[in-house]
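# Observations on chain architecture
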Amino acid sequence: MGRAYHFHREYEVCSVTVGVRLGRHPEVELLVDGKEVGLERAHDHHVEQMVLATTLPTYPPRPAEVRVDLAGGQDGVPVCVLVVDGTELPLPEREIPRHARPTEASWYG
């Protein structure tokens, strides 16, 4: 199993979220306002960039795309950018909530 990353940005009245799962077959999921609008799976683990296109529900609606550089920066974390009207806006990484395993004390308490 590969690593998972989560990126998020508010753009005008829209919430743009990107989930990236690295591994043998990288996967990028795009959500706008909490609804999945794009999912791309690579068939090769040597893919360096994935691009998903969508239309943002602004007034008027705007075409947009999300570019994910899977090779990442110096620290190896993928780099995610929202492109709207030719302007590149970085999507900052957010921490993914992890499910904690119960401690031994909680088994008996």
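Bear in mind the structure is a predicted one, so any value in this text is a computation, not a measurement.

## What to know about the pattern of salt bridges
- Per the counting criterion, the structure on display carries seven salt bridges.
- The salt bridge partner of Arg21 is Glu27, with a shortest N-O separation of 3.5 Å.
- Residue Glu27 is classed as buried on the basis of its relative accessible area of 13%.
- Of the residues examined, Arg21 reaches a relative accessible area of 36% and is grouped as partly exposed.
- Several salt bridges converge on common partners, so that one network encompasses Arg21, Glu27, Glu29 and Arg41.

## Looking at the sheet that holds strand β9 (residues 93–94)
- Read from one edge to the other, the open sheet built from five strands follows the order β4-β3-β2-β1-β9, with strand pairing classed as antiparallel. The sheet terminates laterally at β4 (35–41) and β9, the two strands that pair on one side only.
- Taken together, the six bridges between strand β3 (residues 27–32) and β4 define a ladder with antiparallel strand orientation. Residue pairing for β4: Val28 is matched across the bridge by Glu40.

## Remarks on the nonpolar core
- Core analysis: the largest hydrophobic core is formed by 24 residues, its most contacted members being Val18 and Leu82.
- Looking at this core, the elements with two or more residues in it are β1 (4–11), β2 (14–21), β3, β5 (49–56), β6 (62–69) and β7 (79–84).
- Among the elements that make up this core, the one with the highest residue count is β2 (four residues).
- Setting aside anything within four residues of it in sequence, one finds Val18 in contact with Tyr5, His6, Phe7, Val28, Glu29, Leu30, Val66, Val68, Cys80 and Leu91.

The rules behind these values
Residues numbered from 1 in each chain as written. Predicted model: local features only at pLDDT ≥ 70, side-chain atom pairs only at ≥ 80, totals over all residues. Heavy atoms only, no water. Salt bridge = Lys/Arg side-chain N within 4 Å of Asp/Glu carboxyl O. Buried < 20%, exposed > 50% of the residue type's maximum accessible area, 1.4 Å probe, protein only. Pairing = 2+ DSSP bridges. Helix = DSSP H or I, 4+ residues; strand = E, 2+ residues; numbered from the N terminus. Core = buried A, V, L, I, M, F, W, Y, C linked by side-chain atoms within 4.5 Å. Contact = heavy atoms within 4.5 Å.

Such coordinate-based values are descriptive only and should not be taken to indicate function.
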